[in-house]
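# Close look at the chain arrangement
Here is how the chains run, residue by residue.
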Amino acid sequence: MASIFTKIINGEIPCYKIAEDENFIAFLDVNPNAKGHTLCVPKVEINKIFDMEEELYLKLMSFSRKVAKAIEKTIECKRVGVAVVGLEVPHVHVHLIPLQDMDDMRFQRKASLEKVEFQNIAQAITENL
């Protein structure tokens, strides 16, 4: 059965897309730790990050870096944190989280945003790519 991320990639579920290329897609997390929390996901469904071919893994990190730099230009934050947890969805994904403090990385405190806020954030980050 396809993961929720594969369904997003295939257009079956809508998302607030930030960037996309032939291998990856980046979109806003709809249950964000902080405003601008973005997921970078390979289009091929792989469960564990270290099961990825090394070349694809390095490309994912490069893609994520580009998106993180755009987030930094868009969202006021001390830095963009990076996390790869992988327990909640069995499809590799890199969390890019604008940080004000360590609690933003704990996946307990969530930001509450309206649909228009998601749309505006996604557009602003995309414009800073």
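Residues numbered from 1 in each chain as written. Predicted model: local features only at pLDDT ≥ 70, side-chain atom pairs only at ≥ 80, totals over all residues. Heavy atoms only, no water.

### Quick look at the overall build of the protein chain
Put simply, the test is: Numbering goes from the N terminus for both helices and strands, where a helix is a DSSP run of H or I of at least four residues and a strand is a run of E of at least two. Put simply, the radius of gyration uses C-alpha atoms, and a globule should come to 2.2 Å times the residue count raised to 0.38.
A tally of helices and strands in the protein chain yields three helices and five strands. The linear arrangement of helices and strands in the protein chain, starting from the amino end, is α-β-β-β-α-β-β-α. Taken over C-alpha atoms, the radius of gyration comes to 14 Å for the protein chain, in line with the 14 Å a tight globule of 129 residues would show. Summarising its shape, the C-alpha atoms of the protein chain cover approximately 35 × 30 × 30 Å along the three principal directions.

### Topic: the sheet that holds strand β5 (residues 94–99)
Sheet strands associate in pairs through backbone hydrogen bonding, adopting either a parallel or an antiparallel arrangement. Basically, it comes down to this: Think of it this way: DSSP has to see at least two bridges between two strands before they count as a pair. Only the stretch in contact is used when fitting a helix axis, every axis being a line fitted to C-alpha atoms; angles between N-to-C directions are given from 0 to 180 degrees. By definition in these notes, contact holds between two residues if any of their heavy atoms fall within 4.5 Å.
Read from one edge of the open sheet, five strands run β1-β2-β3-β5-β4, paired in antiparallel fashion. Edge strands, defined here as strands with exactly one partner in the open sheet, are β1 (17–20) and β4 (79–83). Mean inter-strand twist for the sheet, computed between neighbouring axes without regard to direction, equals 20°. Note: strand β3 (residues 38–42) against β5, three bridges, orientation antiparallel. Residue pairing for β5: Cys 40 is matched across the bridge by Val 94. Docked against the sheet, helix α2 (residues 54–74) engages β1, β2 (24–28), β3, β4 and β5, running at close to 25° with respect to β5. Here helix α3 (residues 115–127) sits on the sheet in contact with β1, β2 and β3, set at roughly 35° to β1.

### Some words on unusual backbone geometry
Condition: For every residue, the accessible area (1.4 Å probe, protein chains only) is compared with the maximum for its type, and the residue is labelled buried under 20%, exposed over 50%, or partly exposed between those bounds.
Phi is positive for Phe 107, which is not a glycine, with a value near 60°. Residue placement: Phe 107 occurs in the loop between β5 and α3. Here Phe 107 falls in the partly exposed class, since its relative accessible area comes to 29%.

### Observations concerning the packing of aromatic side chains
Convention followed: Between 30 and 60 degrees the pair is tilted, below 30 it is stacked and above 60 it is edge-to-face, where a pair is any two Phe, Tyr or Trp rings, Trp via its six-membered ring, whose centres lie within 6.5 Å.
A full pass over the atoms with the stated rule returns four aromatic pairs. Measuring from centroid to centroid gives 6.1 Å for Phe 50 and Tyr 57, while their planes differ by 40°, and the two rings are tilted.

### Notes on α2
Condition: Take the residue count of a helix, subtract one, and multiply by 1.5 Å to get its expected span. Here, the arc refers to the directions that run from the helix axis to the C-beta atoms.
Helix length check: α2, at 21 residues, gives a terminal C-alpha distance of 30 Å against a target of 30 Å (1.5 Å per residue), a fit within 8%. Where α2 is concerned, the buried positions are Leu 56, Leu 60, Phe 63, Ser 64, Val 67, Ala 68, Ala 70 and Ile 71. Down the axis of α2, the sector holding all buried residues measures 160°, keeping them to one side. For α2, exposure combined with an orientation more than 90 degrees from the buried face picks out Glu 54, Glu 55, Arg 65, Lys 66 and Lys 73. Check the buried side of α2 and you find it contacts β1, β2, β3, β4, β5 and α3.

### Some thoughts on the pattern of salt bridges
The criterion, for reference: The working definition used for a salt bridge is a side-chain nitrogen of Lys or Arg within 4 Å of a carboxyl oxygen of Asp or Glu.
Within the structure shown, the criterion is met by five salt bridges. Lys 17 is the salt-bridge partner of Glu 20, the closest N and O atoms lying 2.7 Å from each other. Note on Lys 17: relative accessible area 42%, which makes it partly exposed. When the shortest N-O distance is used, the salt bridge between Lys 59 and Glu 55 registers 3.3 Å. A residue pair is termed a helical-turn pair when its members lie 3 or 4 positions apart in one helix, as Lys 59 and Glu 55 do in helix α2 at four residues. Among the charged side chains, a salt-bridge network with shared partners connects Lys 17, Glu 20 and Lys 43.

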